[in-house]
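# Report on the structure
The primary structure of each chain is shown beneath.
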Amino acid sequence: AALGSDAEPVDDDGAQRPLIRHSSFPHRSSRNYEEPLLTPSSRLQRSSSAPELLDAVLQKCGECRRLPDANDGELKRRLGSVELTLLGIGACIGAGIFVLTGVEARVAGPSVALAFCFAAATSIFNGLCYAELSSRLPISGSAYLYAYCMFGELPAMIVVANQLLDYHIGAATMARSLTAYVGQALVAFGLSLPECFVECQPFPSAPWFSISMGAPAVLFCVTAVVAGGAKSSATVTAVMTILKLGIVIVVIIVGAQMVDTDRWVPFFPNGMGATLQAAATLNYAFVGYDVIANAAEETKNPQRDIPIAIVSALSVCAVLYLIVCLVLCGMQSFDDIDVSAPVSSAFVHYDMVWVASFVNVGAFFGMTTGLLAGLYGQSRIYFALARDELAPQVLKQPGTCSIWCGCVAACLATFCNVKLLASMLNIGVLLAYSTTAASVLLINAKRRTCDDTGRRSFLNSENFWLAGVALLTMLMSRGDCFSPALPGVAAAALVGVVSWVALRREYSTCPGGAFRCPGLPVTPMVALIANIYLASKLSWHAWLRLATVSLFVTIAFGVFVVRGFSKESRQVAICKTVHAAAKAAGTQPGVCHKCES
């Protein structure tokens, strides 16, 4: 499918070179849209043998989307760098800054501050990858769009299915937590609430079934804000984020007066290993900044605003997490911290109940902004799917997408025990992050060697060593199950692979005006390694969920193709989108200029 013109990397001699993304199968060069399209359905109808049928299915699995540009957006560009930065901070800093800091301080001691620095560094590597791709491909879709452009349709569907499942479960979990805070506030005002307002389990024999009568009401309010449009959602998020930051600053200023620096010694009470273990967990404290990339289509100047917003949001979050950790570990010994409410309990210990109340208000604002950002991000992914005709066309209205996302989250939050579902979280987000890091390498790779038949040579492609990096990272993380020396050997091999790629592989420069990920190719490779390492540390429930969802998507996709699905209508619809966007922008429609509906 075509959506705008491809970005054209520049060779060392300054000449522009068209970016051609070959796949593992022939016949994948750019099509002239005046020629009849040989769609998978027509190939399937002519196929008389299983190998021909399989080849047609595999060819469709790897069909890549044309690279879009800034003229391909359909949504109004209203957001600037300030709104995007506050959106990212609102998504990253939730109630965790008042809870997660204390939980990990019990593990690593005062060195939890250093653990946050390590986690922030890996998150910034991922953020830089998102910054380049959202700058070069400035429309909605985020990781789904990048996977579709660089890996093909089936990989994109696997990525987006797992990512959306994480988003839905995460939204339901936050809605339950937010309902608990609302319930506490209503009880404090003397109101009597039903037993199941927050949570109850009517059937002990079905632990997965749990009722929350208040969660739908909370989600209704949040969904109404998101459905009002990007500007209204960004405004509400910005106001609540500023209030939340003000509360965090008050907590830091007041708490700093009770800090005893002697409590910071020893800085590594449980060793460096505990610090690294905490860093792996704390990486999830920064999850959420990818919502900025989902806002690319509604950003005034995506080439400038999105990189600024991503880096600024992650930097502010890292500094605040670092200072809160140091203050908390200075107010009381790390082994005396109450993991259920670490910051509140620390102030109650000093008879400063009013600050503890501030902390509860800040946690409420944090969960609300996190829920707002989460629903906004997933609604824009559904919008991108509907535009590519991979989702019902009714979702091509952003407001309808927001209502749909709110309804899904409401169903999960009302009837499911989200605590059990939480064990399957984050694998989809890490898959999306890994795909984004790999896409940065692919979109910049100069060497795309093909054999005589037009098939891409796997050994000479980026895919070969990307697969090697993934395998070595898994061995570095879990290799001790086979041999105590295997993780060290895998780590040394990883250093060798990264060094070889940095010295021998060639990568092009970005088109003029686009943000370039610094340190290419080391930065995306470090991000990829960190994501795979974290994913390998997740529970087996998460990996089972990933395998199950991926298998289901693959089977559904195969059935979809075998039954003769034609892509002609999708190509016509996408060309109409390009024409409409080009007409609105007063520009030429790029590669679709010859396409006639």
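Figured I'd write up the structure that's included with this text. This structure is a prediction, so every number in the text was calculated from the model and none was measured.

## Looking at the state of the cysteines
- Scanning the model with the defined rule gives 1 disulfide in all.
- The residue that forms a disulfide with Cys196 is Cys200, at a sulfur-sulfur distance of 1.8 Å. Across the disulfide from Cys196 to Cys200, rotation about the S-S bond amounts to roughly 95°, and the bridge is consequently right-handed. One exposure class covers both Cys196 and Cys200, and it is buried.
- You can see Cys329 has no disulfide; the closest cysteine sulfur is in Cys325, sitting 6.4 Å from it.

## Concerning the pattern of salt bridges
- Applying the stated criterion to the full structure yields 7 salt bridges.
- Between Glu132 and Arg136 there is a salt bridge whose closest N-O contact spans 3.1 Å. Taken together, the residues span about one helical turn, with Glu132 and Arg136 both in helix α5 (residues 112-136) at a distance of 4 residues. The pair Glu132 / Arg136 is uniform in exposure class, with both members buried.
- Ionic pairing is found between Glu298 and Arg380, a salt bridge with its closest N-O pair at 2.8 Å. Within this pair, whereas Glu298 is found in the loop between α11 (290-294) and α12 (302-331), its partner Arg380 is found in helix α14 (residues 353-387), the two being separated by 82 residues in sequence.

## Focus on empty space enclosed by the protein
- Applying the stated criterion to the full structure yields 3 cavities of 30 Å³ or more.
- Its boundaries defined by the atoms lining it, the second largest cavity holds a volume of some 50 Å³.
- Where the lining of the second largest cavity is concerned, the elements lending two or more residues are α9 (230-256), α12 and α13 (342-349).
- Broken down by element, the lining of the second largest cavity gets its largest block of residues, 4 residues, from α12.
- Residues that form the lining of the second largest cavity fall into these classes: 8 nonpolar, no polar and no charged.

## Focus on the layout of surface pockets
- Quantified by volume, the largest pocket comes out at close to 1300 Å³.
- Forming the walls of the largest pocket are 43 residues, and the residues nearest its centre are Gly170, Thr173, Met174, Tyr284 and Leu425.
- Those elements giving two or more residues to the lining of the largest pocket turn out to be α3 (81-92), α4 (96-108), α7 (153-188), α11, α14 and α16 (418-421).
- Here the lining of the largest pocket takes 9 residues from α7, the largest share from any one element.
- When grouped by side-chain class, the residues that make up the lining of the largest pocket number 23 nonpolar, 15 polar and 5 charged.

## Describing the side chain of Thr85
- Mapped onto the elements, Thr85 comes out in helix α3.
- On the basis of relative accessibility, which here comes to 13%, the residue Thr85 falls in the buried class.
- Every residue in contact with Thr85, bar those within four places of it in the chain, is listed here: Ile308, Ala309, Ser312 and Ala313.

## Describing the nonpolar core
- In this structure, Tyr130, Phe286, Phe347 and Leu385 are the most contacted members of the largest nonpolar core, which totals 148 residues.
- It is α14 that contributes the most residues to this core, 16 residues altogether.
- Those residues in contact with Leu385 that lie beyond four places of it in its chain are Tyr144, Met157, Val160, Leu164, Leu390 and Ala391.
- With 8 residues, the next largest nonpolar core counts Ala280, Ile427, Leu534 and Leu538 among its residues.

Cut-off values and rules
Residues numbered from 1 in each chain as written. Predicted model: local features only at pLDDT ≥ 70, side-chain atom pairs only at ≥ 80, totals over all residues. Heavy atoms only, no water. Disulfide = S-S within 2.5 Å. Buried < 20%, exposed > 50% of the residue type's maximum accessible area, 1.4 Å probe, protein only. Salt bridge = Lys/Arg side-chain N within 4 Å of Asp/Glu carboxyl O. Helix = DSSP H or I, 4+ residues; strand = E, 2+ residues; numbered from the N terminus. 1 Å grid on protein atoms, 1.4 Å probe; cavity = no way out; pocket = protein on both sides within 12 Å on 5 of 7 lines; lining within 4 Å. Points joined across faces, edges and corners; volume = space filled by probe spheres on them. Nonpolar A, V, L, I, M, F, W, Y, C, P; charged D, E, K, R; others polar. Contact = heavy atoms within 4.5 Å. Core = buried A, V, L, I, M, F, W, Y, C linked by side-chain atoms within 4.5 Å.

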